[in-house]
Amino acid sequence: MGVRKRERAEQIKEAKSQVAFAKLNNCPTSPRKMRIVADLVRGQKVELALNILRFNSKEASRKLEKLLLSAINNYEQKNTETSVEEAGLFVKEIRVDGGMMLKRLRPAPQGRAHRIRKRSNHVTIVLGSNNNTQSN
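Residues numbered from 1 in each chain as written. Predicted model: local features only at pLDDT ≥ 70, side-chain atom pairs only at ≥ 80, totals over all residues. Heavy atoms only, no water.

A.B. asks: So what about the pairing of strand 2 (residues 89-107)? Which residues, and what values?
C.D. replies: Relative to strand 3 (residues 113-129), strand 2 is paired through 16 bridges, and the arrangement is antiparallel. If you follow L102 over to strand 3, its bridge partner there is K118. (Pairing = 2+ DSSP bridges. Helix = DSSP H or I, 4+ residues; strand = E, 2+ residues; numbered from the N terminus.)

Written out as structure tokens, the structure reads:
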């Protein structure tokens, strides 16, 4: 590898070490219900987001709490020398996308059938480190 290429690869690796993410695929909850809970924690500090999810009564909050803990653990694996408390982690981005749809039939009057769509979703959480972000 050339010198410039190696230096650029080191820069990219350093930038990626400050960001951690976790994905949850095919979660059997409708995306609409999951987005309600995801909007509560978007942009929040990690400690505050965990408290919000822990004390929320919705089922989707349990799954998001587990996903957030996974993202925190992924950050710890990347940055073994820094602690999570001094890193100032926050929820940089959280996306809820529609996933696979199970199609079922429900009997309807006069011999007809209505289609029931059982929706699922994909959730992606990206954590950012506050110590590298420039404040205005």
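A.B. asks: Summarise the nonpolar core; cite the residues concerned and give the values.
C.D. replies: Counting residues in each nonpolar core, the largest one holds 27 residues, and the members touching the most others are L64, L68, I94, I125 and L127. Contributions of two or more residues to this core are made by strand 1 (19-27), helix 2 (31-41), helix 3 (46-54), helix 4 (59-78), helix 5 (84-87), strand 2 and strand 3. Non-local contacts of L127, meaning those with residues more than four positions away in its chain, are made with Q18, V19, A20, V46, L68, A71, I72, L89, F90, V91 and K92. (Core = buried A, V, L, I, M, F, W, Y, C linked by side-chain atoms within 4.5 Å. Buried < 20%, exposed > 50% of the residue type's maximum accessible area, 1.4 Å probe, protein only. Contact = heavy atoms within 4.5 Å.)

A.B. asks: Tell me about a negative patch on the surface, residues and numbers included.
C.D. replies: Together, E47, E76, E85 and E86 make up a region of like negative charge exposed at the surface. If you trace the backbone, E47 turns up in helix 3. (Patch = residues over 30% accessible without salt bridge, like charges linked within 9 Å, V, L, I, M, F, W, Y side chains within 5 Å. Areas by Shrake-Rupley, 256 points an atom, 1.4 Å probe, with all protein chains shown as cover. Salt bridge = Lys/Arg side-chain N within 4 Å of Asp/Glu carboxyl O. Lys, Arg positive; Asp, Glu negative; His and termini not counted. Charge placed at Lys NZ, Arg CZ, Asp CG, Glu CD.)

A.B. asks: Tell me about the pairing of strand 3, residues and numbers included.
C.D. replies: Across 7 bridges, the pairing between strand 1 and strand 3 is antiparallel. Residue pairing across strands places A20 opposite L127, the latter belonging to strand 3.

A.B. asks: Would you mind going over a positive patch on the surface in detail, with residue names and values included?
C.D. replies: There is a patch of like positive charges on the surface, built from K103, R115, R117 and R119. Counting residues per element, the positive patch draws most heavily on strand 3, which supplies 3 residues. Examined against the element boundaries, R115 turns out to sit in strand 3. Among the residues examined, R115 registers a relative accessible area of 57% and is labelled exposed.

A.B. asks: For the side chain of S129, give the residues involved together with the corresponding values.
C.D. replies: By the element assignment, S129 lies in strand 3. Of note is the side chain of S129, whose polar atom sits 3.1 Å from the backbone oxygen of A87. Beyond its immediate sequence surroundings of up to four residues, S129 is in contact with Q18, Y75, A87, G88, L89 and F90. (Polar contact = N/O pair within 3.5 Å; in protein donor to acceptor, adjacent residues only side chain to side chain.)

A.B. asks: Describe in detail helix 3, supporting the description with residues and values.
C.D. replies: Counting along an α-helix, one turn takes 3.6 residues, and residues three or four places apart therefore face a common direction. Every buried residue of helix 3 is listed here: V46, A49, L50 and L53. Seen from one end, helix 3 has its buried residues packed into an arc of 100°, which puts them on one side. (Arc of directions from axis to C-beta.)

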